[in-house]
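Analysis of the macromolecular model
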Amino acid sequence: MLTPRFELSQTDNEVLITVHAPYTNIKETEVYVEETTFIFYSAPYYLRLNLPGEIIENDASSGRYDCEKGDFHLRFSKVNKGEHFENLDMITTLLAPPKKKTNLVPTIEVISNPAADSEESKNGNTSGSDSEEKEENNDNQWFIQQELPRDDVPILLTAPKYGFASKVSNALTAFDVAWIKDIIDLPMPDKTPPEQRKSLREKHESDSFDDEHYMADFIQTECIEPCINFEPEWYTIKDTEVTLSGTEKDLLKELPNKEYLLDDDEINKVCYGLIDILFGSCYNHRTMLGENTVESSWTINKLSSTLCWFQEFSSMKEVIITCIRRSLCYPLYRNWDLSIKVLEDVKAVIKLGKKYILKYLCEIHGLFNNSYEPRYILNQLYIKDYLIWLQQASPDLIKSLSDTLNDIVPSKGDMNLDIIELEKAAASVVEEYIVIENNAYSVTDMLKDLNIEDSNEARQENVPLLQGEKCTVQIKQLEPVNNSQDSSDTSDSDSDSDSDSDSETDSSSTSSSSTSDSLESDNEPK
């Protein structure tokens, strides 16, 4: 934890404590007062003071935060009115933990006993003062070791700068790298020069790009189509209908009235960074269908190179290429048509004017402040200054920004991710799959329509099939056939047929004779 700088002053009835804690989250600030102990905690700052007199927190106590200076001003009442606290400027004394109070009155004082000390060291025993010190440390486990920031640390004039208009340097030196790595991909932001940030970022994006993920989203668009077809409010609202909510007005009221002296190059960089941040916000709004989730702050932070890499852009085309590249590398939905749709969203938001842009910057500020990760640092470095500067910006500047943005038409080749080849490969796979599937259906249909030819014709003519009728499908025997056997079978068959014909002749003659007999019987007189 970091020990912030602080100052103490007093009146007859109160003690005033000023704590300098920039880049902190006000909502997570805690202050604890008990007798002579004062504790201030607001990640990543921790301050514990051991005051020379007792103070109390009551109705007269108060506190306020100066956003411009990053100072907490706290007032507490003295328990004993009119008491004068000594040594309020003795920093080391105030930071020391309170000593444990004991009621034991020593009757014998042993100044020195070398023999006893050596014997105790051999036996592993500790002296009474050491045991008391251990007991005191056990009782004060809440206390954290504090070290004041050193004033003798050299500040390089050429130190890398970042933040709004690149006006900040060495702001993250005292922070633990593991603590801020969840919000910043740039390694060692206070040591990496700006000219190396672009190359490091592009390498990170190329390593993070997943060919299979992109091809899958290119082929299977069932989940992406609702996002593309979604219509946000900026396509239906007019600039004259834009109003700020009560929460947004309260946030703007708390901001200090700062004046920014920026040259033309710095203004261009600020405008490019604004487009970069809005792209992440529009992507979140479209893919979440207008609702924020627990991943919204991550999405905006990750897609914005300004917030994630402290990137500075030199042209509008570079901004657009970077935004689309990151939208194809990191979020859940990675689709070219979706990214182009988000770009159209950014154009629509800019066209509505600075009041509508302020609304979305206020939304980003709230998401970062309520994020589980320490993204409130990004509010301190960028978002708050954008909220202040944008209110002072000329409408002509926003109009010019909108015109410049409309002139940019990105292409797939500008991304340097080989997405054209990937889409061709995915399309060929889909085509082969369709051909195979159609062939499978054709074979299936043929098997369903496969019938015996003679039987099919007979059914169409409603002629009953005779038993023993031969089919067109013949099975050839593979074993050799004996000719003599065939001839004998043939002769037998012929004889059988002759006998059948003879029997048929006999039966017919019998039938005719019986018929003639019946006729004769009918002709006889009765």
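The rules behind each value
- Residues numbered from 1 in each chain as written.
- Predicted model: local features only at pLDDT ≥ 70, side-chain atom pairs only at ≥ 80, totals over all residues.
- Heavy atoms only, no water.
- Helix = DSSP H or I, 4+ residues; strand = E, 2+ residues; numbered from the N terminus.
- Contact = heavy atoms within 4.5 Å.
- Areas by Shrake-Rupley, 256 points an atom, 1.4 Å probe, with all protein chains shown as cover.
- Core = buried A, V, L, I, M, F, W, Y, C linked by side-chain atoms within 4.5 Å.
- Buried < 20%, exposed > 50% of the residue type's maximum accessible area, 1.4 Å probe, protein only.
- Pairing = 2+ DSSP bridges.
- 1 Å grid on protein atoms, 1.4 Å probe; cavity = no way out; pocket = protein on both sides within 12 Å on 5 of 7 lines; lining within 4 Å.
- Points joined across faces, edges and corners; volume = space filled by probe spheres on them.
- Axes fitted to C-alpha atoms, helices over the stretch in contact; angles between N-to-C directions.
- Phe/Tyr/Trp six-rings, centres within 6.5 Å; stacked < 30°, edge-to-face > 60°.
- Lys NZ or Arg CZ within 6 Å of the ring centre and 35° of its normal.
- Expected span 1.5 Å × (residues − 1).
- Parallel < 35°, antiparallel > 145°, perpendicular 65-115°, else oblique.
- Left-handed = near helix turned anticlockwise from the far one by under 90°.
- Nonpolar A, V, L, I, M, F, W, Y, C, P; charged D, E, K, R; others polar.

1. Focus: the overall build of the protein chain
Helix and strand counts for the protein chain stand at 19 helices and ten strands. Taking as baseline every contact in the protein chain between residues at least 6 positions apart, the subset at least 24 positions apart corresponds to 73%. Split by element, the accessible area of the protein chain, about 32600 Å² in all, is 50% carbon and sulfur.

2. Focus: unusual backbone geometry
In this structure, the amide linkage connecting Ala 43 to the following residue, Pro 44, adopts the cis form with an omega of 5 degrees. Note on placement: Pro 44 falls in the loop between strand S4 (37–42) and strand S5 (45–50). Phi at Phe 310 takes a positive value of approximately 55 degrees, unusual for a residue other than glycine. Within the secondary structure, Phe 310 sits in the loop between helix H11 (305–309) and helix H12 (316–327).

3. Focus: the nonpolar core
Side chains of a nonpolar character, in soluble globular proteins, are inclined to be buried together. Core analysis: the biggest nonpolar cluster contains 113 residues, and Leu 49 and Trp 389 have the highest contact counts within it. At eleven residues, helix H15 (residues 376–392) tops the list of elements feeding residues into this core. Dropping the residues within four chain positions of it, Trp 389 is found in contact with Phe 164, Tyr 260, Leu 262, Val 270, Cys 271 and Leu 397.

4. Digging into the pairing of strand S1 (residues 5–10)
Pairing geometry for S1 and strand S2 (residues 14–20), over six bridges, is antiparallel. Counted as the bridge partner of Gln 10 is Val 15 from S2. The hairpin formed by S1 and S2 contains three residues between the paired strands.

5. Comments concerning the layout of surface pockets
Its boundaries defined by the atoms lining it, the second largest pocket holds a volume of some 520 Å³. Taken together, 24 residues line the second largest pocket, and the ones lying closest to its centre are Lys 27, Leu 251, Glu 254, His 365 and Asn 369. Mapped onto the lining of the second largest pocket, the elements with two or more residues apiece are helix H8 (246–254), helix H14 (354–369) and H15. A total of seven residues in the lining of the second largest pocket trace back to one element, the largest contributor, which is H14.

6. Focus: the side chain of Lys 347
Its location among the elements puts Lys 347 in helix H13 (residues 336–351). By relative accessible area, which is 12% here, Lys 347 ends up buried.

7. With respect to the sheet that holds S4
Read from one edge of the open sheet, three strands run S3-S4-S5, paired in antiparallel fashion. With partners counted over all chains shown, the strands left at the sheet margins are strand S3 (30–34) and S5, one partner each. Geometrically, the sheet is characterised by an average inter-axis angle of 5 degrees between neighbouring strands, direction not taken into account.

8. Observations regarding the packing of aromatic side chains
Under the counting rule described, the total for this entry stands at 14 aromatic pairs. When the centroid spacing of 5.4 Å and the interplanar angle of 50 degrees are considered together, the rings of Tyr 356 and Tyr 360 count as tilted. Taken as a pair, Tyr 356 and Tyr 360 lie in helix H14 at a separation of four residues, close to a single helical turn. Neither Tyr 356 nor Tyr 360 differs from the other in exposure class; each is buried. Through a chain of ring-to-ring contacts, the aromatic side chains of Phe 164, Tyr 260, Tyr 386 and Trp 389 assemble into a single cluster. In this structure, Lys 78 is placed above the aromatic ring of Phe 85, and the distance from its NZ or CZ to the ring centre is 4.8 Å.

9. Re H12
The terminal C-alpha atoms of H12 lie 17 Å apart, and with twelve residues this matches the ideal 16 Å at 1.5 Å per residue to within 8%. The buried fraction of H12 is high, at eleven of twelve residues. Taken together, the buried positions of H12 are occupied by Met 316, Glu 318, Val 319, Ile 320, Ile 321, Thr 322, Cys 323, Ile 324, Arg 325, Arg 326 and Ser 327. Those residues of H12 hidden inside the fold are in contact with helix H5 (194–208), helix H9 (264–287), helix H10 (296–303), H11, H13 and helix H16 (395–406).

10. Details of the pairing of strand S7 (residues 62–66)
In the case of a regular strand, side chains alternate between the two sheet surfaces. Note that S7 and strand S8 (residues 71–78) share five bridges and pair antiparallel. Among the inter-strand pairings, Tyr 65 is bridged to a residue of S8, identified as Phe 72. Hairpin connection of S7 to S8: four residues between the antiparallel strands, including Gly 70 at a positive phi of 75 degrees.

11. With respect to the packing of H12 against H13
Direction vectors running N to C along H12 and H13 enclose 135 degrees, while the axes themselves pass 10 Å from each other. Judged by the angle between their axes, H12 and H13 are oblique. Handedness of the crossing formed by H12 with H13: right-handed. For the pair H12 and H13, contact is made by Ile 320, Ile 324 and Ser 327 and by Trp 336, Ser 339, Ile 340 and Leu 343, respectively. When its residues are assigned to classes, the contact of H12 with H13 shows five nonpolar, two polar and no charged.

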